[in-house]
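Spelled out, the chains give:
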Amino acid sequence: MQTIKVNIQDSFLQDFLTFVDHYKDKIQIKNEVSFEKDEKLVDDPYFYERQKELLEIRENIKNGKNQLSSFEEFEQKTDIFAKELASKYAN
């Protein structure tokens, strides 16, 4: 029997396992999570979760589900919000 290492995208894992299940008499799966060689996880243990979230945000912007504001709009909204907070919580 030979041993190989396969890197699988999180979104494809279930499909891969379903495929491998058809050949379970010929393939053995040893489920190990390995972080020691993934530099992204050494620097940021939540790298892939953040990456997935950012890709979803980007896709939502592309398909029009979310909208980007200009910096000027952001400043205006932030100023209005700060003024509302100041008047609400003024002593």
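Whatever comes next refers back to the structure up there.
Predicted model, so just to flag it, every value in this text is computed and none were measured.

Asks: Which residues make up the pattern of salt bridges, and what values go with them?
Replies: Summed over all chains, the structure comprises 2 salt bridges. We note a salt bridge from Asp-21 to Lys-24, for which the minimum N-O separation is 3.9 Å. Asp-21 sits in the partly exposed class, given a relative accessible area of 44%. Classification of Lys-24 by relative accessible area gives exposed; the value is 60%.

Asks: With reference to specific residues and values, describe helix α3 (residues 47–62).
Replies: In a regular helix each residue adds 1.5 Å, so 16 residues correspond to 22 Å; α3 covers 22 Å between its end C-alpha atoms and thus fits that length. Just past α3, the residue Gly-64 takes up positive phi, approximately 85 degrees.

Asks: Mind laying out the environment of Asn-63, listing which residues take part and the relevant values?
Replies: Here Asn-63 shows up in the loop between α3 and α4 (71–88). Exposure remark for Asn-63: the relative accessible area of 48% places this residue in the partly exposed category. In sequence terms Asn-63 and Tyr-23 are 40 residues apart; their C-alpha atoms lie 39 Å from each other. Only 3.0 Å separates the side chain of Asn-63 from the backbone nitrogen of Lys-65, close enough to count as a polar contact.

Conventions and cut-offs
Residues numbered from 1 in each chain as written. Predicted model: local features only at pLDDT ≥ 70, side-chain atom pairs only at ≥ 80, totals over all residues. Heavy atoms only, no water. Salt bridge = Lys/Arg side-chain N within 4 Å of Asp/Glu carboxyl O. Buried < 20%, exposed > 50% of the residue type's maximum accessible area, 1.4 Å probe, protein only. Helix = DSSP H or I, 4+ residues; strand = E, 2+ residues; numbered from the N terminus. Expected span 1.5 Å × (residues − 1). Polar contact = N/O pair within 3.5 Å; in protein donor to acceptor, adjacent residues only side chain to side chain.

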